[in-house]
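# Descriptive analysis of the structure
Spelled out, the chains give:
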Amino acid sequence: MAPHGEGAPLDPTVAQVGRQPISSILIVIAMQTEALPVVNKLKLVENPHSPFPEGVPWVHYHGTYKDIVIHLVWPGKDLSLGVDNIGTVSASLVTYASIQALQHDLIINAGTAGGFKAKGAEIGDIFLVSHVAFHDRRIPIPVFDLYGVGSRQTFPTPNLLKTLNLKSGKLSTGDSLDMTPQDETSITANDATVKDMEGAALAYVADLLKVPVIFVKAVTDIVDGDKPAAEEFLQNLVAVTAALDEAVDQIVNFITGKCLFEL
Ligand code: ADE
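Residues numbered from 1 in each chain as written. Predicted model: local features only at pLDDT ≥ 70, side-chain atom pairs only at ≥ 80, totals over all residues.

### Quick notes on the overall build of the chain
Secondary structure summary: the chain contains 8 helices and 10 strands in total. Its C-alpha atoms give the chain a radius of gyration of 17 Å, within 12% of the compact-globule value 18 Å for 263 residues. By principal-axis analysis of the C-alpha atoms, the chain measures approximately 45 × 40 × 35 Å. In the chain, once contacts between residues fewer than 6 apart in sequence are set aside, the share between residues at least 24 apart is 75%. (Helix = DSSP H or I, 4+ residues; strand = E, 2+ residues; numbered from the N terminus. Rg over C-alpha atoms; globule rule 2.2 N^0.38 Å. Contact = placed C-beta atoms within 7 Å.)

Structural data, given as structure tokens:
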């Protein structure tokens, strides 16, 4: 992934790995409802010897699909409240720990997102994300403002996009499901079509540790529509995750036997 905007050169380690067939991928998924259908579809099993520190709720599934070793991590449930560890903090931690513990050539962040109908998003759409940025890190001091937004281009996958006939758009990340007027201003400035709670944080970690990352996001709710996001999200979650797991399966199939630069 090229840091901070378009056209920056790829890291040499990525360039080197990019010429050999992809042999291992890491899939990061924030919610159990999103993760389990992918686990089942790719016939992954939970690793009883977790590579993560003792006591953390993060869950590691693994398996082999054709010639690719697949690791899937889900940040698990909050130890006191029992709900999924969604959001940027858990996403960053689990991605960092996974990269440190496991070998992979490519990261896929898969999950649900809110979509903007004004930018062409519809419920059930699957987006392959071209750029990510934050919308809730407002720091009105020169250069810190850019740091807060944390805009990054994702690893380019033009052949994947074309072959799977997915939609392409920019993703904006924040730690809230709803959207304040200030968030909306930032999301508009980010030119985002989809909005999630993990993407830009994962991109930061992947960039730091020089691992290419792509984002596949399925739209559960229309942010600029009439219904409250939480209600529409819960209503569509199960149906939309079925479309998401199908897309992840197709992406893994497409990746099989290819090098990074063929994606
Ligand atoms: N995930 C699904 N819908 C979302 C929304 N509206 N905002 C952030 N993350 C989401």
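Now, onward.
### Side note on the pairing of strand S5 (residues 106-115)
Most of S5 sits inside the fold, with 10 of its 10 residues counted as buried. Taken together, the 4 bridges between strand S1 (residues 24-28) and S5 define a ladder with parallel strand orientation. The residue of S5 that forms the bridge with Ile25 is Leu106. Relative to strand S10 (residues 213-222), S5 is paired through 9 bridges, and the arrangement is parallel. Residue pairing in the sheet places Gly115 in a bridge with Ile222 of S10. Bridge analysis of S5 against strand S9 (residues 194-196) gives 2 bridges, and the strand direction is antiparallel. (Buried ≥ 20, exposed ≤ 12 C-beta atoms within 10 Å, placed from the backbone. Pairing = 2+ DSSP bridges.)

### Quick word on the site of the ligand
In the vicinity of the ligand, the contacting residues are Thr112, Ala113, Gly114, Leu177, Lys195, Asp196, Met197, Thr220, Asp221, Val223, Ala229 and Phe233. Of all the elements, S5 adds the most residues to the shell around the ligand, at 3 residues. Taken together, the residues of the shell around the ligand break down into 6 nonpolar, 3 polar and 3 charged. (Near = placed C-beta within 6 Å. Nonpolar A, V, L, I, M, F, W, Y, C, P; charged D, E, K, R; others polar.)

### Examining the UniProt feature "domain: Nucleoside phosphorylase" (unreviewed entry) in the chain
Taken from the UniProt record, the annotation "domain: Nucleoside phosphorylase" (unreviewed entry) applies to residues 25-252. Counted over residues 25-252, helix gives 35% and strand 27%. Its end C-alpha atoms are 9 Å apart. (UniProt positions renumbered as here; feature names shortened; annotations may be inferred.)

### With respect to the confidence of the model for the chain
On average, the chain scores 93 in pLDDT, and the residues at 70 or more come to 93%. Under a pLDDT of 50 for its full length, residues 1-10 has, in the predicted model, 21 contacts with residues more than four places off or in other chains. Listed scores for the predicted complex are pTM 0.93 and ipTM 0.99. (pLDDT = per-residue confidence, 0-100.)

### Focus: the packing of helix H3 (residues 88-101) against helix H7 (residues 199-208)
One way to put it is that H3 packs onto H7 with a least axis distance of 8 Å and a crossing angle of 30°. Here H3 lies roughly parallel to H7, going by the angle between them. Between H3 and H7 the crossing geometry is right-handed. Contacts between H3 and H7 pair Thr88, Ala91, Ser92, Thr95 and Tyr96 from the former with Ala201, Leu202, Tyr204, Val205 and Ala206 from the latter. Partitioned by chemical class, the residues of the contact of H3 with H7 number 7 nonpolar, 3 polar and no charged. (Axes fitted to C-alpha atoms, helices over the stretch in contact; angles between N-to-C directions. Parallel < 35°, antiparallel > 145°, perpendicular 65-115°, else oblique. Left-handed = near helix turned anticlockwise from the far one by under 90°.)

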